[in-house]
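Secondary and tertiary structure notes
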Amino acid sequence: MSQQPYGQPGYQQGPPPQQPQQQFAPPPQQQQFQQNFLCVTTNDIPGYRIDTVYGEVFGLTVRSRNAFSQMGAGLKSMFGGELKGMTKALMDSRNDVMQRMIQEAINRGGNAIVGMRFDTSEMGDVWTEICAYGTAVTISRQG
């Protein structure tokens, strides 16, 4: 029986490595990716060794705000307070780019991402680019 790439249907694996307890549960749409996948902003992971480096992976999205939302946000910003519609849009975008980045790492054969970062930029008056990037690696437990 040929072995499928990590994370693909039919992949045979042993028990997942013990990971530190997460303080917060991931959002439901990310849960299927993060059960056996570790994504960190550090360049190494205590208790694990990096066996293979697959290179840079990223997830990208460009979002536009609708005119009514932008006008409402402009009015709200004059009086102060959180722009809840904008916050939700950015959180949704962040989750989308994370999923895309993790899926790319899985497709390359990785089971973790190190050195993960976010980058955002404005394109025109109403477009926002959001990118998550890092290095896809295969890790294993030391010891």
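Residues numbered from 1 in each chain as written. Predicted model: local features only at pLDDT ≥ 70, side-chain atom pairs only at ≥ 80, totals over all residues. Heavy atoms only, no water.

This part takes up the pattern of salt bridges. For the structure shown, the criterion picks out four salt bridges. Of the charged contacts, one joins Lys88 and Asp92 as a salt bridge, the two residues approaching to 2.8 Å between their closest N and O atoms. Linking Lys88 with Asp92, this pair stays in helix α3 (residues 84-108), spanning four residues, or about one helical turn. Between Arg108 and Glu104 there is a salt bridge whose closest N-O contact spans 3.1 Å. With Arg108 and Glu104 both in helix α3 and four residues apart, the pair spans about one turn of that helix. The exposure class of Glu104 is partly exposed, given its relative accessible area of 21%. (Salt bridge = Lys/Arg side-chain N within 4 Å of Asp/Glu carboxyl O. Helix = DSSP H or I, 4+ residues; strand = E, 2+ residues; numbered from the N terminus. Buried < 20%, exposed > 50% of the residue type's maximum accessible area, 1.4 Å probe, protein only.)

Attention now moves to the sheet that holds strand β4 (residues 127-141). The strand order across the open sheet formed by four strands is β1-β3-β4-β2, and the pairing between neighbours is mixed. Strands at the two margins of the open sheet, each flanked by one partner only, are β1 (38-39) and β2 (48-64). With two bridges joining them, β1 and strand β3 (residues 112-123) adopt parallel strand pairing. Each residue of the ladder has a partner; that of Leu38, found in β3, is Ala112. Where α3 meets the sheet, its contacts fall on β1, β2, β3 and β4, and the angle it forms with β2 comes to roughly 140°. (Pairing = 2+ DSSP bridges. Contact = heavy atoms within 4.5 Å. Axes fitted to C-alpha atoms, helices over the stretch in contact; angles between N-to-C directions.)

On to the nonpolar core. In terms of nonpolar packing, the biggest core is built from 13 residues, with Phe37, Val57, Met98, Met101, Ile102, Ala105 and Ile113 touching the most fellow members. Secondary structure elements with two or more residues in this core: α3, β3 and β4. Here this core gets six residues from one element, more than from any other, and that element is α3. Excluding residues that lie within four positions of it along the chain, Ala105 makes contacts with Phe37, Val57, Gly110, Ile113 and Ala136. Among the nonpolar cores identified, the runner-up in size contains eight residues, and Leu38, Ile45, Val114 and Val137 belong to it. (Core = buried A, V, L, I, M, F, W, Y, C linked by side-chain atoms within 4.5 Å.)

Once that is clear, we can look at α3. With 25 residues, α3 extends 36 Å between its outermost C-alpha atoms, agreeing within 8% with the 36 Å of an ideal straight helix rising 1.5 Å per residue. Residues of α3 that are buried include every one of Met86, Ser93, Asn95, Val97, Met98, Gln99, Met101, Ile102, Ala105 and Ile106, and no others. Gly109 sits one or two residues past α3 and shows a positive phi near 110°. (Expected span 1.5 Å × (residues − 1).)

Two descriptors summarise a pair of aromatic rings, namely the distance from one centre to the other and the angle between the planes of the rings. Summed over the entire model, instances satisfying the criterion amount to zero aromatic pairs. Here the guanidinium or amino end of Arg141 rests over the ring plane of Tyr48, the centre of that ring lying 5.0 Å away. (Phe/Tyr/Trp six-rings, centres within 6.5 Å; stacked < 30°, edge-to-face > 60°. Lys NZ or Arg CZ within 6 Å of the ring centre and 35° of its normal.)

A cluster of nonpolar side chains, contributed by Phe58, Leu60 and Tyr133, occupies part of the molecular surface with about 250 Å² of accessible area. Turning to its location among the elements, Leu60 is positioned in strand β2. On the basis of relative accessible area, Leu60 is assigned to the partly exposed category, the value being 35%. (Patch = residues over 30% accessible without salt bridge, like charges linked within 9 Å, V, L, I, M, F, W, Y side chains within 5 Å. Areas by Shrake-Rupley, 256 points an atom, 1.4 Å probe, with all protein chains shown as cover.)

To continue, consider the environment of Ser140. One can find Ser140 in strand β4. Here the alpha-carbon distance between Ser140 and Gly47, two residues 93 residues apart in the chain, equals 8.7 Å. Residues in contact with Ser140, not counting those within four places in the same chain, are Gly47, Tyr48, Arg49 and Asp51.

Take the pairing of β4 next. Alignment of β2 against β4, held across 15 bridges, turns out to be antiparallel. Paired with Gly59 across the two strands is Ala132, which belongs to β4. Relative to β4, β3 runs antiparallel, the two sharing 10 bridges. Within β4, the residue paired with Val114 across the bridge is Thr135. Connecting β3 to the antiparallel partner β4 that follows it, the hairpin turn spans three residues, and Gly124 within it adopts a positive phi of roughly 70°.

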